[in-house]
Amino acid sequence: MSTIIRKLLAEPLDLPLWEPFKIATGIKDTARNVLIRIVLEDGTTGFGEVSPSPYTTGDTRETVIAVMDQLRPAVVGKDIRSWRGILTSTRNTIRNQIAAHSGLEIAVLDAFGKSQGVSLTDMFGGVKKSVETDMTLSLGTPEKAGKDAAKFIKQGFNKLKIKVGIDVPTDVDRIIAVRDNAHSAEISLDANQAFSPKDAVELVRRANARGADIGMFEQPVRKDDFEGMRFVREHCPLPIAADETVFTPEDALRVVREGVADMINIKVAKCGILGALEIISICRAANLGIMIGAMMESKIGLAASVHLSCGFGNFVHNDLDSVYLLKPFECEGGFNLDGPIFSVEGITGGTGIVYEPK
Ligand SMILES: [Mg+2]
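A quick note: this is a predicted structure, and the numbers were derived from the prediction, not measured.

Student: Sorry if this is basic, but what is going on with the coordination of the magnesium ion here?
Tutor: Tetrahedral metal sites with four donors have an ideal angle of 109.5 degrees; octahedral sites with six donors have ideal angles of 90 or 180 degrees. Protein ligation of the magnesium ion involves Asp190 (OD), Glu218 (OE) and Asp243 (OD), the donor distances falling in the range 2.1 to 2.3 Å. Between consecutive donors of the magnesium ion, the numbers of intervening residues give the motif D-x27-E-x24-D. Within this pair, whereas Glu218 is found in strand E8 (residues 214-218), its partner Asp243 is found in the loop between strand E9 (240-242) and helix H9 (249-258), the two being separated by 25 residues in sequence. Taking relative accessible area as the criterion, Glu218 reaches 0% and is therefore assigned buried. Take Asp243: its relative accessible area is 0%, and that puts it in the buried class.

Shown next, in the form of structure tokens:
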């Protein structure tokens, strides 16, 4: 039968960045990603990608490839139409290597969508045909932040996310430099766990006193510091988003129960697509906002997040700019880029990605 999976392939995908990307937890100049392919009997190919992050998800390229080697016998020979059955059984085998598993989920769903002639956007609900992404400013001097902000505004971006976590005075100067060069932009912050609760509150207080008008603050304190998250939420007049705090649906439930965030940043690399669907439901039921983010994925892996966001249509914040941090390479489909607008118009199967590894 043409819908039987014949191959599961995993191989290195090296992607150079335009410039080194610096956040509170490290610096990167090349994304050492993994390309994952699912090939069906009739040659239909589903593409997935993992951007390993030893600090965030605990994966390396080597562990991702090893996980695929381990999962191959449970995948090859199965009928792609039972995608949830296949992925539930593999997920039950691999409990902790979630980023690796997310790449498999993307490839399996892409192959299924292509084989059935339905885009992932339509599978997820078909609410929108396009979404608007923000652009992220990495750590650096206030001068660089101001220059980057002016450049991104000129390129058409209206939403800027500033990585913070150097120290309060420097970060306040950086935020104000961005504001001075992007008067009408929506500005949000992401500390990647860098601050103490008091410093996080102080940062917002000082920046807003100078006219920053910050719209959202992501992961101000350590991921397991629930008390600290609650303190920041209670003392800051803006929505607090949990990113590193939430990987699993169980984490999302705890955030709801303990009232520590207004929004959850869902990333396919942290929870897979199946986990994302569950977290979306939890957030809806608990009146929490949802945003979507990414690791350092190229268009290949990012396409799944773009389709997820378009399909549901209710992500209040799209942080899907990784494709702009990487140098472009030959890859068709997925979505069309026009500055901050990512469109899935014309994609008729899966994510629509077509890529030939060199
Ligand atoms: Mg984040």
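Student: Honestly, the sheet that holds strand E6 (residues 159-163) in this entry has me stumped. Any pointers?
Tutor: Pairing between the strands of a sheet is mediated by backbone hydrogen bonds and can be parallel or antiparallel. With parallel pairing, the eight strands of this open sheet are ordered in space as E5-E6-E7-E8-E9-E10-E11-E12. Pairing within the sheet leaves two strands with one partner each, and these edge strands are strand E5 (135-137) and strand E12 (317-318). Both strand E10 (residues 263-267) and strand E11 (residues 289-293) contribute to a ladder of five bridges, which runs parallel. Residue pairing in the sheet places Lys267 in a bridge with Gly293 of E11.

Student: I would appreciate a short explanation of the sheet that holds strand E14 (residues 341-343) in the present structure.
Tutor: The three strands are arranged E4-E14-E13 in an open sheet whose pairing can be described as antiparallel. The two strands at the open ends of the sheet, each matched to only one other strand, are strand E4 (130-132) and strand E13 (336-338). Across the sheet, the axes of successive neighbouring strands diverge by a mean angle of 20 degrees, strand direction being ignored. Of the strands in this sheet, E4, E13 and E14 touch helix H11 (residues 299-312), which is tilted by about 100 degrees from E4.

Student: Can you help me understand the nonpolar core in this one?
Tutor: Generally speaking, soluble globular proteins have nonpolar side chains that are buried together. By size, the foremost hydrophobic cluster in this structure holds 115 residues, and its most contacted members are Ile38, Leu160 and Phe217. Among the elements that line this core, the one with the most residues is helix H10 (residues 268-286), at 10 residues. The residues that make up this core include at least three from each of domain 1 (5-118) and domain 2 (122-343).

Student: Sorry, what's going on with the pairing of strand E7 (residues 186-190) here?
Tutor: For a regular strand, side-chain orientation follows a simple rule: the groups alternate between the two sheet faces. Burial runs high along E7: four of the five residues are buried. Looking at chain direction, E6 and E7 are connected through five bridges and run parallel. Opposite Ile162, over in E7, you have Leu189 as the bridge partner. Crossover handedness for the path E6 to helix H6 (residues 168-181) to E7: right-handed.

Scoring rules and cut-offs
- Residues numbered from 1 in each chain as written.
- Predicted model: local features only at pLDDT ≥ 70, side-chain atom pairs only at ≥ 80, totals over all residues.
- Heavy atoms only, no water.
- Donors = N, O, S within 2.8 Å, 3.2 Å for Na, K, Ca; no water.
- Helix = DSSP H or I, 4+ residues; strand = E, 2+ residues; numbered from the N terminus.
- Buried < 20%, exposed > 50% of the residue type's maximum accessible area, 1.4 Å probe, protein only.
- Pairing = 2+ DSSP bridges.
- Axes fitted to C-alpha atoms, helices over the stretch in contact; angles between N-to-C directions.
- Contact = heavy atoms within 4.5 Å.
- Core = buried A, V, L, I, M, F, W, Y, C linked by side-chain atoms within 4.5 Å.
- Domains from an automatic or database assignment.
- Right-handed = clockwise from strand over helix to strand, strands pointing away.

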